[in-house]
Amino acid sequence: MPLPDKDFDVTETSIPYNYLKLSVPNIEIEFSTENGNVAECDPLLLTGVIFGKLGASEEAKGYYAEMIQSEAFQHPIPYRDLDMERYDAIILPGGHAKGMRQYLESQTLRDKILPFFLRCTEGGDKVCAAICHGTLVLARTIDPTTQKSVLFNLKTTTLPKYMEFNAYMITFWKLGDYYRTYPVYLQGSSGINAEYGVENSISMFGTLSFK
């Protein structure tokens, strides 16, 4: 599970972590950060984003407390040292605060993910899961043989524009652009489309289609 140094989402990491620990016998879950620093979550998700609300549930915070005490979490692997052949699956969690950009923009991480993801989509033996903003890591991963995103012609769930926009409108008076990971939204952003060679549309159900 790759992470940024700070601002990852509590729920989108701890819930999958707990589920896999309980569901898959003898599973080993490892974490990775850019330079091997121990990651820190978005602190507002522990205390409540505004008026004690919009944060992680008590259940998620309990799982988070367990996760961060694990040996693997306390000793993350640097992105550059990831040996993707060792893994059966990768989870790309999300988060929306500015610290996420380190992870969302890492070329080193994308280089590691590319061959792994191709083995997920070509009838291979690997699994890749992306949650919320984690989908952007894949959208920015370019297949050199096609010069297009690895999500080209695929569908994936993601965070719809209206959800992020509504959260921003509710909180901007107190938190400013806290809910704006970038100045522009992925949906409808011609700049991002041009940069990454994809066109996208997001339905009200949060399905992202690359065509």
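Heads up: the structure comes first, above all this text.
Residues numbered from 1 in each chain as written. Predicted model: local features only at pLDDT ≥ 70, side-chain atom pairs only at ≥ 80, totals over all residues. Heavy atoms only, no water.

**Student:** I'd like to hear about the overall build of the chain, residue by residue, with values.
**Tutor:** Within the chain, the secondary structure is distributed over nine helices and 11 strands. By residue count, 45% of the 211 residues in the chain fall in the buried class. A sequence separation of at least 24 residues applies to 75% of the contacts in the chain between residues at least 6 apart. Only carbon and sulfur atoms are counted for the fraction: they give 54% of the accessible area of the chain, which is about 10,900 Å². (Helix = DSSP H or I, 4+ residues; strand = E, 2+ residues; numbered from the N terminus. Buried < 20%, exposed > 50% of the residue type's maximum accessible area, 1.4 Å probe, protein only. Contact = heavy atoms within 4.5 Å. Areas by Shrake-Rupley, 256 points an atom, 1.4 Å probe, with all protein chains shown as cover.)

**Student:** How would you summarise the packing of aromatic side chains if you had to cite specific residues and measurements?
**Tutor:** Under the counting rule described, the total for this entry stands at four aromatic pairs. Seen in terms of ring centroids, Phe31 and Phe73 are 5.1 Å apart; in terms of plane orientation they differ by 75°. Their pairing is edge-to-face. You can see Phe31 sitting in the loop between helix H1 (10-23) and strand S2 (32-33) and its partner Phe73 sitting in helix H4 (residues 71-74), a full 42 residues away along the chain. Like Phe73, Phe31 is buried. Looking at Lys148, its charged tip hangs above the ring of Phe152, at a distance of 4.8 Å from the centre. (Phe/Tyr/Trp six-rings, centres within 6.5 Å; stacked < 30°, edge-to-face > 60°. Lys NZ or Arg CZ within 6 Å of the ring centre and 35° of its normal.)

**Student:** An account of the pattern of salt bridges is requested, with residue identities and associated values reported.
**Tutor:** Under the defined criterion, the tally for this structure stands at five salt bridges. Close ionic contact of Glu30 with Arg86 constitutes a salt bridge, the shortest N to O distance being 2.9 Å. Residue Glu30 is found in the loop between H1 and S2, and its partner Arg86 is found in the loop between strand S4 (77-78) and strand S5 (89-92); the two are separated by 56 residues along the sequence. Residues Asp177 and Lys98 are paired through a salt bridge, measuring 3.5 Å at the closest nitrogen-oxygen approach. You can see Asp177 sitting in the loop between helix H8 (161-175) and helix H9 (190-196) and its partner Lys98 sitting in the loop between S5 and helix H5 (101-104), a full 79 residues away along the chain. By sharing partners, the salt bridges in this structure join Glu85, Arg119 and Asp125 into a single network. (Salt bridge = Lys/Arg side-chain N within 4 Å of Asp/Glu carboxyl O.)

**Student:** I'd love a proper account of the environment of Ile27, names of residues and values included.
**Tutor:** Relative to the helices and strands, Ile27 is located in the loop between H1 and S2. Overall, Ile27 belongs to the partly exposed group, its relative accessible area being 23%. Apart from the residues lying within four places of it in its own chain, the contact partners of Ile27 are Leu20 and Lys21.

**Student:** Before we move on, can you summarise the nonpolar core with the specific residues and values?
**Tutor:** Phe8, Phe31, Leu92, Tyr103, Ile113 and Leu138 are the most contacted members of the largest nonpolar core, which totals 44 residues. Breaking this core down by element, the ones donating at least two residues are H1, helix H3 (58-68), S5, H5, helix H6 (107-121) and helix H7 (134-139). Considering each element in turn, this core owes the most residues, five residues, to H6. Excluding residues that lie within four positions of it along the chain, Phe31 makes contacts with Met1, Leu3, Tyr17, Met67, Ser70, Ala72, Phe73, Pro76 and Ile77. (Core = buried A, V, L, I, M, F, W, Y, C linked by side-chain atoms within 4.5 Å.)

**Student:** Explain the state of the cysteines to me, using residue names and the numbers behind them.
**Tutor:** One way to say it: the disulfide is the covalent bond shared by the sulfur atoms of two cysteines. Overall, the coordinates contain zero disulfides when judged by the stated rule. This cysteine, Cys120, is not joined by any disulfide, and Cys128 carries the nearest cysteine sulfur, 5.3 Å off. (Disulfide = S-S within 2.5 Å.)

**Student:** Go over unusual backbone geometry with me, naming the residues and quoting the values.
**Tutor:** Positive phi values are uncommon outside glycine, yet Asp7 reaches one of about 80°. Along the polypeptide, Asp7 turns up in strand S1 (residues 6-8).

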